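Geometric and topological summary
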Amino acid sequence: GICAMMAVRLATLSTFVASALAYSPTPGLRPRAAARRVAVSMDETMFENAFQDGQLEAEGKEKPWVSEAGWALYLDKQKSSYNMNPRVSEERKYFTATIFDEPRQVLGDWASQFDRFLEKAFRSDYIVEGKYKIAGSSKLPQKSLVKGIADKKLLTKLADAGLLSQAADAGILSTLEETLPLAEKVLPLADNLGLLTLLEGIAYTPSPLLFGTAAVLLATGAGVVANVPDDSAQAIALQVAVVLATTAGAAALIPAGLLSQALDGSSGEVKQSLLRKVQDSKVLTKMAESGLLTKAYDAGILSQLEASGAVYTAEKLLPVADKLGLVSTLETLAFTPPSTFYGAALALIAGEAALIYYVPDDTASNIALQAGTGTLAALGAAALFAGGFLTSQLEE
């Protein structure tokens, strides 16, 4: 029995071994080798175009979707916006300076964005039906410092306080005259930093916030002086720098808080802001390039005004300007097309010429009429031409 079972097992094992030895793969059916992959390479077209003048810009115009800026501009033309951002045409400055631009441009754009932050953070009217208004959009109301001054009759309050008379008595105008050449050099910097629109934004910031920030700055300066030992030149320099910076900041914020208090209660809303228009048109830079302040310094205009008593006369006329609404009218006229001014001037001259032609000069009264209307027409035409020229500068 046992021997028979062993014999059967050995026979079965021998059959398996013989079958394995008898197997041989069919010729030509060898396992296929893995296909070799193509080496990874980089398309250098973009870099080649970047070094060829105008090629990269041409490709961007042809394919606007290759860059976020190009896509934003393309969607703006389609009256849409990119990635839920504001439209390019409705933003005061959509594209800001990069790390490749000059430091003054970077700092100026930062100041402009800070101004926009102030507008959004402290203006309750910035949220309408759950959507943010766009800063600088001509289609939406804007806060105007000029409008606030007109609404609150600040010129009348200035006259009542007698500040101009006190300044003239103290000789402040003569002192300011000495700073005109330096101020002229600073004007382009004020344009680049967007100080006019920043002032307009701060003017409508709640006064407690401005006063509180000024107090924090002064406390910071005092804390540095109290806690930083003055046992080295570096420590003393740090104390001086911090005290100067914090004092200058507080000195700017306190008058801004007083102005904010004076404007309290005025909406200040206009379709277009004069100061914003002046800022966008770089009027301060143009003034510096023309050398007007230097010419005023050389002519001693401020000293002459102070000596002639013109300051006292101007102070008396401030309430009249408030009553006539001249301040708000000035802002409205600033956005009138120059062609309107020039057309009105020509019409005035033509009307006066017709009057002189048809009114006979055979009596003293007729001659007086011609002389009077001629003088008024000449002054009016000169004012209209000047207005057209100024508004044309704002449009550039």
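Since this is a predicted model, take the numbers as computed values, not measurements.

**Description of the overall build of the protein chain**
The helix and strand inventory of the protein chain stands at 21 helices and four strands. For the protein chain, long-range pairs separated by at least 24 residues make up 75% of all intrachain contacts whose partners lie at least 6 apart in sequence. Counting only carbon and sulfur atoms, one obtains 66% of the accessible surface of the protein chain, whose full area is about 26,100 Å².

**Side note on helix 15 (residues 283-290)**
Within the span of helix 15, buried status applies to Leu-284, Thr-285 and Ala-288. End-on, the buried residues of helix 15 take up no more than an arc of 100°, which puts them together on one face. Buried residues along helix 15 sit in contact with helix 10 (180-193) and helix 11 (195-203).

**Quick notes on the side chain of Ser-260**
Among the structural elements, Ser-260 can be located in helix 13 (residues 233-263). For Ser-260, a relative accessible area of 8% corresponds to the buried category. For Ser-260, the side chain forms a polar contact with the main-chain oxygen of Thr-205, separated by 2.5 Å. From its side chain, Ser-260 meets the backbone nitrogen of Ser-207 in a polar contact 3.4 Å long. Not counting residues up to four positions away in its chain, the partners in contact with Ser-260 are Ala-203, Thr-205, Pro-206, Ser-207 and Leu-210.

**Notes on the nonpolar core**
Leu-263 and Leu-274 are the most contacted members of the largest nonpolar core, which totals 25 residues. Apart from residues lying up to four places away in sequence, Leu-274 is in contact with Val-146, Leu-330, Glu-331, Ala-334, Phe-335 and Leu-394.

**What about the confidence of the model for the protein chain?**
Summing up the model confidence of the protein chain, the mean pLDDT is 77 and the portion of residues at 70 or higher is 75%. Contacts of residues 122-140 to residues separated by more than four positions or lying in other chains number 44 contacts, the stretch itself having pLDDT below 50.

**Observations regarding the packing of aromatic side chains**
What the rule picks out here adds up to two aromatic pairs. On the numbers, 5.9 Å between centres and 35° between planes, the contact of Tyr-342 with Phe-385 is tilted. One end of the pair, Tyr-342, is in helix 20 (residues 338-358); the other, Phe-385, is in helix 21 (residues 364-395), and 43 residues separate them in sequence. The partly exposed category is assigned to Tyr-342, whose relative accessible area is 30%. Ring centres 5.0 Å apart and planes at 90° place the aromatic pair Tyr-357 and Tyr-358 in the edge-to-face group. Classification of Tyr-357 as exposed rests on a relative accessible area of 66%.

**Digging into helix 12 (residues 207-227)**
Along its 21 residues, helix 12 runs 30 Å from first to last C-alpha, staying within 8% of the 30 Å computed at 1.5 Å per residue. Where helix 12 is concerned, the buried positions are Ser-207, Leu-210, Ala-214, Gly-221 and Val-224. Buried positions in helix 12, seen along its axis, are confined to an arc of 130° and lie on one side of it. The exposed set on the far side of helix 12, more than 90 degrees from its buried face, consists of Pro-208, Val-216, Ala-226 and Asn-227. Looking at the buried positions of helix 12, the neighbouring elements they touch are helix 11 and helix 13.

**Observations concerning the environment of Ala-288**
Mapped onto the fold, Ala-288 is located in helix 15. Note: C-alpha distance between Ala-288 and Glu-184 (104 residues apart in sequence) is 5.2 Å. Every residue in contact with Ala-288, bar those within four places of it in the chain, is listed here: Glu-184, Leu-187 and Pro-188.

**Things to note about a nonpolar patch on the surface**
Among the surface-exposed residues, Tyr-342, Leu-346, Ile-349, Phe-385, Phe-389 and Leu-390 lie close enough to one another that they form a single nonpolar patch of about 570 Å² accessible area. Where the nonpolar patch is concerned, the elements lending two or more residues are helix 20 and helix 21. Accessibility expressed as a relative area gives 33% for Phe-385, which makes it partly exposed.

**Examining the packing of helix 7 (residues 154-161) against helix 18 (residues 310-324)**
Relative orientation and spacing of two packed helices are given, respectively, by the angle between their axes and the distance between those axes. Remark: helix 7 packs on helix 18, axes separated minimally by 8 Å, with the N-to-C direction vectors making an angle of 155°. As summarised for this structure, helix 7 and helix 18 are arranged roughly antiparallel, according to the angle between their axes. Relative to helix 18, the crossing made by helix 7 is left-handed. From helix 7, Leu-154, Leu-155, Thr-156, Leu-158 and Ala-159 reach across to helix 18, where they touch Glu-315, Leu-318, Pro-319, Ala-321 and Asp-322. For the contact of helix 7 with helix 18, the class distribution of residues is seven nonpolar, one polar and two charged.

Procedures and definitions
- Residues numbered from 1 in each chain as written.
- Predicted model: local features only at pLDDT ≥ 70, side-chain atom pairs only at ≥ 80, totals over all residues.
- Heavy atoms only, no water.
- Helix = DSSP H or I, 4+ residues; strand = E, 2+ residues; numbered from the N terminus.
- Contact = heavy atoms within 4.5 Å.
- Areas by Shrake-Rupley, 256 points an atom, 1.4 Å probe, with all protein chains shown as cover.
- Buried < 20%, exposed > 50% of the residue type's maximum accessible area, 1.4 Å probe, protein only.
- Arc of directions from axis to C-beta.
- Polar contact = N/O pair within 3.5 Å; in protein donor to acceptor, adjacent residues only side chain to side chain.
- Core = buried A, V, L, I, M, F, W, Y, C linked by side-chain atoms within 4.5 Å.
- pLDDT = per-residue confidence, 0-100.
- Phe/Tyr/Trp six-rings, centres within 6.5 Å; stacked < 30°, edge-to-face > 60°.
- Expected span 1.5 Å × (residues − 1).
- Patch = residues over 30% accessible without salt bridge, like charges linked within 9 Å, V, L, I, M, F, W, Y side chains within 5 Å.
- Salt bridge = Lys/Arg side-chain N within 4 Å of Asp/Glu carboxyl O.
- Axes fitted to C-alpha atoms, helices over the stretch in contact; angles between N-to-C directions.
- Parallel < 35°, antiparallel > 145°, perpendicular 65-115°, else oblique.
- Left-handed = near helix turned anticlockwise from the far one by under 90°.
- Nonpolar A, V, L, I, M, F, W, Y, C, P; charged D, E, K, R; others polar.

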